[in-house]
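# Analysis of the macromolecular model
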Amino acid sequence: MLKLCVLVSGGGTNLQAIIDNIANGIIPDTEIVGVLSNNRKAFALERAKNHGIPAVCVSPKDYPTRDLFYQAFMETVDRIDPDLIVLAGFLVAIPAPMVQKYQRRIINIHPSLIPSFCGVGYYGLRVHQAALERGVKITGATVHFVDEGTDTGEILMQKAVEVQDKDTPETLQKRVMEEAEWKILPQVIAMAANGTLKIGERT
Ligand code: GRF
């Protein structure tokens, strides 16, 4: 049984896609053992609770320094004790000690075809805004391992989505989610669950 910890900051539609694909068997032998958010108001926390999944918020606002926040955050993840950590719209950079501890055990979904429109400052609608400004005709989403950089880890899966003439950042974001993100994130987790994707050993 693959034990997942899903980290979220917002609406949680990618979390929902994982929950649904575990329920319908497309992701085999997998359990979400914890959902963790940095944002108390994240609707993703409600989604988790509605499905009986333990959900917790560790907010930087509750700690006097960034270091103390990171310490509490890492302790919480360690207590959840997952095989695989999934960043599903998580807007906090993962601290280097955690990347080192969970080598090849943290994956992220990014809403563009890396290496386009990625790195520091490219998150949420900004990614789609930048794609439209550049005038690309194809964009998409990428699932990758998380390393010490921003969106620099090994690419695991990508899916292309066509840009339409009348697209706004909002319509493009929605189509990239529907056509790419909600498909490839569950697919990569399924590969980790069935052993097709080799993930890091527990240390
Ligand atoms: C997605 O576009 C994801 O790629 C990005 O943040 C968004 C999260 O959406 N990193 P949701 O919270 O899963 O609905």
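Preceding this paragraph is the structure being described.
Let us look at the structure shown here. Model, not experiment: these values are computed from the prediction.

Rules behind the numbers
The numbers attached to residues start from 1 for each chain and follow its sequence in the written order. Local features in this predicted model are restricted to residues whose pLDDT is 70 or higher, and side-chain atom pairs enter the listing and the counts only when it is 80 or higher, whereas totals over whole chains, interfaces and linings include all residues. Neither water nor hydrogens contribute to the side-chain values; these are computed over all heavy atoms in the structure. When DSSP finds at least two bridges between two strands, those strands are taken to pair. A run of DSSP states H or I qualifies as a helix once it reaches four residues; a run of E qualifies as a strand once it reaches two. Both are numbered from the N-terminal end. Helix axes are fitted to C-alpha atoms over the stretch in contact, other axes to C-alpha atoms as well, and angles between N-to-C directions run from 0 to 180 degrees. Whether two residues touch is decided by their heavy atoms; if any such pair falls within 4.5 Å, the residues are in contact. Only buried Ala, Val, Leu, Ile, Met, Phe, Trp, Tyr and Cys residues count toward a nonpolar core, and they belong to the same one when joined by side-chain atoms within 4.5 Å. Each residue's exposure class comes from its accessible area (1.4 Å probe, protein chains only) as a fraction of the maximum for that residue type: buried when under 20%, exposed when over 50%, partly exposed otherwise. Here a residue is considered near a molecule or strand provided that any single heavy atom belonging to it is located within 4 Å of it. Pairs of N or O atoms are called polar contacts if they sit within 3.5 Å, as long as, within protein, a hydrogen donor faces a hydrogen acceptor (for residues adjacent in sequence, only side-chain-to-side-chain pairs). For the accessible areas, the method is Shrake-Rupley and the probe is 1.4 Å, while residue cover comes only from the protein chains on display. Side-chain classes are defined by residue name, with Ala, Val, Leu, Ile, Met, Phe, Trp, Tyr, Cys and Pro counting as nonpolar, Asp, Glu, Lys and Arg as charged, and the others, Gly among them, as polar.

## Section: the sheet that holds strand β6 (residues 138-145)
Spatially, seven strands are ordered β3-β2-β1-β4-β5-β6-β7 in an open sheet, and the strand pairing comes out mixed. Two strands lie at the open edges of the sheet, namely β3 (55-57) and β7 (155-162), each paired on one side alone. In this sheet, adjacent strand axes meet at a mean angle of 20° when their direction is disregarded. Running over the sheet, helix α2 (residues 43-50) touches β1 (2-8), β2 (30-37) and β3 and is turned about 155° from β3.

## Concerning the nonpolar core
In this structure, V86 and I107 are the most contacted members of the largest nonpolar core, which totals 38 residues. Sequence-distant contacts of V86, that is, excluding residues within four places in its chain, are made with L4, C5, V6, L7, I18, I107, L185 and I189. C5, I80, V92 and M98 belong to the second largest nonpolar core, which has 21 residues in total.

## Considerations on the site of the ligand
Around the ligand, a shell composed of G10, G11, G12, T13, N14, G89, I109, P111, M177 and E181 is seen. At 2.9 Å, a backbone N or O of N14 approaches an oxygen atom of the ligand. Notes on the ligand: free accessible area 370 Å², of which the protein chains cover 87%. Of the residues in the shell around the ligand, the class split is three nonpolar, six polar and one charged.

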